[in-house]
Amino acid sequence: MNVWIAIGVTVVGCYAVKLAGLLVPAGVLERPAVRQLAALLPVALLAALTAQQTFATGSELVLDARAAGLAAAGLALLLRAPFLVVVAAAVVVTAGVRALGG
């Protein structure tokens, strides 16, 4: 029964957040600070998710093949490689490190 309570609370919370977004006046959304925050927020969330998925296993911090793949992707980005090359570099390096026993 506790799972259904959690699901119900989540549904109500999601609906409330959606409703709050619709009730915000248009003038507030046009402010430069709000526009800048809206532009930077997805990048910050994606960086946090990437870090969590790369350096965590359960509740432990780890440094394994995923970190090497992320480093390869970062290097490819610094070299201004196309997106598919960045992804391919991360995949190849991660698979290579795992194949070598890392």
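To keep things clear, this report deals only with the structure shown in the data block. Model, not experiment: these values are computed from the prediction. (Residues numbered from 1 in each chain as written. Predicted model: local features only at pLDDT ≥ 70, side-chain atom pairs only at ≥ 80, totals over all residues. Heavy atoms only, no water.)

## Re the pattern of salt bridges
Working step 1: Under the defined criterion, the tally for this structure stands at two salt bridges.
Working step 2: A salt bridge links arginine 35 to glutamate 30, with the nearest nitrogen and oxygen atoms 3.8 Å apart. Each member of the pair, arginine 35 as well as glutamate 30, is classed as exposed.
Working step 3: Measuring nitrogen to oxygen at the nearest pair gives 3.3 Å for the salt bridge that ties aspartate 64 to arginine 66.
Working step 4: Under the relative-accessibility criterion, arginine 66 is labelled partly exposed at 22%. (Salt bridge = Lys/Arg side-chain N within 4 Å of Asp/Glu carboxyl O. Buried < 20%, exposed > 50% of the residue type's maximum accessible area, 1.4 Å probe, protein only.)

## Concerning the packing of helix H3 (residues 32-55) against helix H4 (residues 65-78)
Working step 1: Running from N to C, H3 and H4 cross one another at 140°; their axes reach a closest spacing of 8 Å. Put simply, H3 runs oblique to H4. Between H3 and H4, the residues in contact are Thr50, Gln53, Thr54 and Phe55 and Arg66, Ala67 and Leu70, respectively.
Working step 2: Here the contact of H3 with H4 is built from residues that sort into three nonpolar, three polar and one charged. (Axes fitted to C-alpha atoms, helices over the stretch in contact; angles between N-to-C directions. Helix = DSSP H or I, 4+ residues; strand = E, 2+ residues; numbered from the N terminus. Parallel < 35°, antiparallel > 145°, perpendicular 65-115°, else oblique. Contact = heavy atoms within 4.5 Å. Nonpolar A, V, L, I, M, F, W, Y, C, P; charged D, E, K, R; others polar.)

## Here we look at the packing of H4 against helix H5 (residues 83-99)
Working step 1: Packing of H4 against H5 leaves a shortest axis separation of 8 Å and a crossing angle of 150°. Classed by the angle they form, the pair H4 and H5 counts as roughly antiparallel. Relative to H5, the crossing made by H4 is right-handed. For the pair H4 and H5, contact is made by Ala65, Arg66, Ala68, Gly69, Ala72, Ala73, Ala76 and Leu77 and by Val86, Ala89, Ala90, Val93, Thr94, Val97 and Arg98, respectively. (Left-handed = near helix turned anticlockwise from the far one by under 90°.)

## Side note on a nonpolar patch on the surface
Working step 1: A grouping of Val3, Trp4, Ile7 and Val11 is seen on the molecular surface, where their side chains present a nonpolar patch of about 440 Å² in accessible area.
Working step 2: Take isoleucine 7: it is sitting in helix H1 (residues 2-23). (Patch = residues over 30% accessible without salt bridge, like charges linked within 9 Å, V, L, I, M, F, W, Y side chains within 5 Å. Areas by Shrake-Rupley, 256 points an atom, 1.4 Å probe, with all protein chains shown as cover.)

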